[in-house]
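What follows is the residue order along each chain.
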Amino acid sequence: MRIPVSLAIELLNNEKVVGLPTETVYGLAAKASSDEAIKKIFEFKKRPLDNPLILHVSSIDEVKRYLIKDENTFYDLAKAFWPGPLTLVMPVIDKLISPLVRANLPTAAFRMPCHPIPVEIIRSLGPIVMPSANLSGKPSATSYEDVEEDFGEDFPVVDGGRTLKGIESTILVLKEGVWELGRRGSLSLESIEKVLGYSPKPASDKKLVCPGQKYRHYAPKASLILSEKRPDSKIEAVLGFKDKTYPDDLNPLYLSDLNSPAEASKNLYHLLRLLDRRGYQSVWVDMDMPKGGLWDTLRERIQKASS
Ligand code: AMP
Ligand code: MG
């Protein structure tokens, strides 16, 4: 159900959960101070309780009061990329943030979204928590229609059209003064390296720094066959690129051309959901795409969607 921002604010103030657009994907929002609403997020999404939530703020100063230690590189990163698709995980004064948000960890994740709707709401209510507005495991929602598909026609959502980035934020986790990569996302590691002077590495010890990464994600019902060449097995469609030619019988769906990783990111989840709407069982994803930057994020998302 489409609702205006004013009603979203009223519902959030009354311990309710609403769907909101951001520049990355749609989020399922609750007021950070409402444990009652936060519990509903986990129930609606069927999200495991050990998968923590991101706190969304509308200024860098709002984060400061939660931090155990002032970390210069936090300000460098936030000034360079906020508002925007970068989430920063840091040790926090734990009594200030509900254990439900943190999944009982001594750290919390922060992001300032770059979208007028959540920003207006946060300015009015204070920080909100928002995981992606999809049932756990499914591709994230990138439109009002996607949220409705997962949570039903009566679910309150502010419609902001298709999201600009289409893929979640990049997550960095601060470990003993060094930023590690928690999750690839819409912000490339190359841009982060320009600010930090190094490229954040995934945790070396096989220990996951982001608990959410251990779960199945982004997966359509169709089985995806990832290959740089047409597979031998029977397929009903191909997810590929505009500047390549595919046999007509393959019902090509185009992510973008090979020079436009941002457009491919914007379209990925939208197309994964379209495969299911069309009832395809078996789909070839053409993995013959460039390397580096957002292409690496896309490749990783597609691999997760197929596993
Ligand atoms: P989603 O909101 O669905 O995009 O998922 C949020 C991601 O942020 C999940 O993968 C979480 O594991 C990660 N995250 C949130 N809080 C923390 C934290 N305190 N430490 C590590 N990862 C976190
Ligand atoms: Mg998610």
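Residues numbered from 1 in each chain as written. Chains lettered and ligands numbered in written order. Predicted model: local features only at pLDDT ≥ 70, side-chain atom pairs only at ≥ 80, totals over all residues. Heavy atoms only, no water.

**Here we look at the overall build of the protein chain**
Using the following cut-off: Secondary structure elements follow DSSP: runs of H or I no shorter than four residues count as helices, runs of E no shorter than two count as strands, and numbering proceeds from the N terminus. To get the radius of gyration, use the C-alpha atoms; to get the globule rule, take the number of residues to the power 0.38 and multiply by 2.2 Å. Only protein chains enter the area calculation, which uses a 1.4 Å probe; residues under 20% of their type maximum are buried, those over 50% are exposed, and those in between are partly exposed. Working definition of accessibility: Shrake-Rupley area with a 1.4 Å probe, residue cover restricted to the visible protein chains.
Looking only at helices and strands, one finds ten helices and twelve strands in the protein chain. The globule rule puts the C-alpha radius of gyration for 307 residues at 19 Å, and the 19 Å found for the protein chain is close to it. The dimensions of the protein chain, computed from C-alpha atoms along their principal axes, are 60 × 45 × 30 Å. Evaluated residue by residue, the protein chain yields a buried proportion of 58% over its 307 residues. Carbon and sulfur atoms provide 52% of the accessible area of the protein chain, an area that totals close to 13600 Å².

**What about the site of ligand 1?**
What counts here: We call a residue near a given molecule or strand whenever any one of its heavy atoms falls within 4 Å of it. Here a polar contact means two N or O atoms within 3.5 Å. Within protein one must be a hydrogen donor candidate and the other an acceptor candidate, and residues neighboring in sequence count only if both atoms are side-chain atoms. The classification used treats Ala, Val, Leu, Ile, Met, Phe, Trp, Tyr, Cys and Pro as nonpolar, Asp, Glu, Lys and Arg as charged, and all other residues, Gly among them, as polar.
Ligand 1 sits among 19 residues. The nearest are R47, T107, P131, R183 and G212. Between ligand 1 and T107 there is a distance of 3.0 Å, counted from a nitrogen atom to a side-chain nitrogen or oxygen. Contact with the protein chains hides 96% of the accessible area of ligand 1, taken as 500 Å² for the molecule alone. The greatest single-element share of the shell around ligand 1, amounting to three residues, is contributed by strand β5 (residues 107-111). Its residues assigned to classes, the shell around ligand 1 shows 13 nonpolar, four polar and two charged.

**Some details on the nonpolar core**
For the record, the criterion: Remark: nonpolar core denotes a set of buried residues (Ala, Val, Leu, Ile, Met, Phe, Trp, Tyr, Cys) joined through side-chain atoms within 4.5 Å.
Core analysis: the largest hydrophobic core is formed by 48 residues, its most contacted members being F74, W82 and F110. With five residues, helix α4 (residues 72-81) is the largest single contributor of residues to this core. Listed in part, the 30 residues of the second largest apolar core include Y218, Y246, A264 and W284.

**Focus: the environment of F42**
Where we set the bar: Contact criterion: two residues are considered in contact whenever any of their non-hydrogen atoms come within 4.5 Å of each other.
Mapped onto the secondary structure, F42 falls in helix α2 (residues 35-45). Given the relative accessible area of 5%, F42 is considered buried. The spatial distance from the C-alpha of F42 to the C-alpha of P131 is 9.3 Å, given a sequence separation of 89 residues. Ignoring sequence-local partners within four residues, the contact set of F42 consists of R47, P48, L49, N51, L53 and L100.

**Section: the environment of K46**
Within the element layout of this structure, K46 appears in the loop between α2 and β3 (54-56). A C-alpha to C-alpha distance of 9.5 Å links K46 and N134, two positions 88 residues apart in sequence.

**Brief notes about the pattern of salt bridges**
As a reminder of what qualifies: Think of a salt bridge as a Lys or Arg side-chain nitrogen and an Asp or Glu carboxyl oxygen that are within 4 Å of each other.
All chains considered together, the criterion is met by 20 salt bridges. Between E149 and K138 there is a salt bridge whose closest N-O contact spans 3.9 Å. Of this pair, E149 sits in helix α7 (residues 144-151) while K138 sits in the loop between β6 (128-129) and α7, and the two are eleven residues apart along the sequence. The closest approach of N and O atoms between D249 and R230, which form a salt bridge, is 3.5 Å. Of this pair, D249 sits in the loop between β10 (237-241) and β11 (252-256) while R230 sits in the loop between β9 (223-227) and β10, and the two are 19 residues apart along the sequence. By relative accessible area, R230 is classed as partly exposed at 41%.

**Focus on the UniProt feature "binding site: L-threonine" (unreviewed entry) in the protein chain**
This is how it is decided: UniProt positions are given in the numbering used here, feature names are shortened, and annotations may be inferred rather than shown by experiment.
In the numbering adopted here, UniProt assigns the feature "binding site: L-threonine" (unreviewed entry) to T24, H56, R111 and S169. Maximum C-alpha separation among the annotated residues is 12.8 Å over a sequence range of 146 residues, consistent with a single clustered spot. Checked against the element boundaries, H56 lands in strand β3. Classification of H56 as buried rests on a relative accessible area of 4%. In contact with H56, other than residues within four places in its own chain, are R111, P113, I122, P127, I128, V129 and M130.

**Quick notes on helix α6 (residues 116-125)**
Within the sequence span of α6, burial applies to I117, P118, V119, I121, I122 and L125. Next to the buried residues of α6 lie α1 (5-13), β1 (18-20), β2 (27-31), β3, α3 (61-64) and β6.

**Observations regarding the sheet that holds strand β4 (residues 86-91)**
For clarity, the cut-off: What makes two strands pair is DSSP finding at least two bridges between them.
The sheet built from eight strands is open, its strands ordered β1-β2-β6-β3-β5-β4-β7-β8 with mixed pairing. Of all strands in the sheet, those with a lone pairing partner are β1 and β8 (178-183), marking the two edges. In terms of strand pairing, β3 meets β6 through two bridges, oriented antiparallel. The partner of L55 across the bridge, within β6, is V129.

**Concerning the sheet that holds β11**
Adjacent strands of a sheet form backbone hydrogen bonds with each other and so pair up, either parallel or antiparallel. Cut-off, in case you're wondering: Note on definitions: angles span 0 to 180 degrees between N-to-C directions of axes, and those axes are lines fitted to C-alpha atoms, for helices only across the stretch in contact.
An order of β9-β12-β10-β11 is seen for the four strands of this open sheet, with the pairing classed as parallel. At either margin of the open sheet sits one strand with a lone partner, and together these are β9 and β11. Recorded for the sheet is a direction-independent mean angle of 25 degrees between the axes of neighbouring strands. In the sheet, β10 pairs with strand β12 (residues 282-286) via three bridges, with the strands oriented parallel. Along β12, the bridge assignment pairs V238 with W284. Relative to the sheet, helix α9 (residues 261-277) contacts β9, β10, β11 and β12, its axis offset from that of β11 by approximately 150 degrees.

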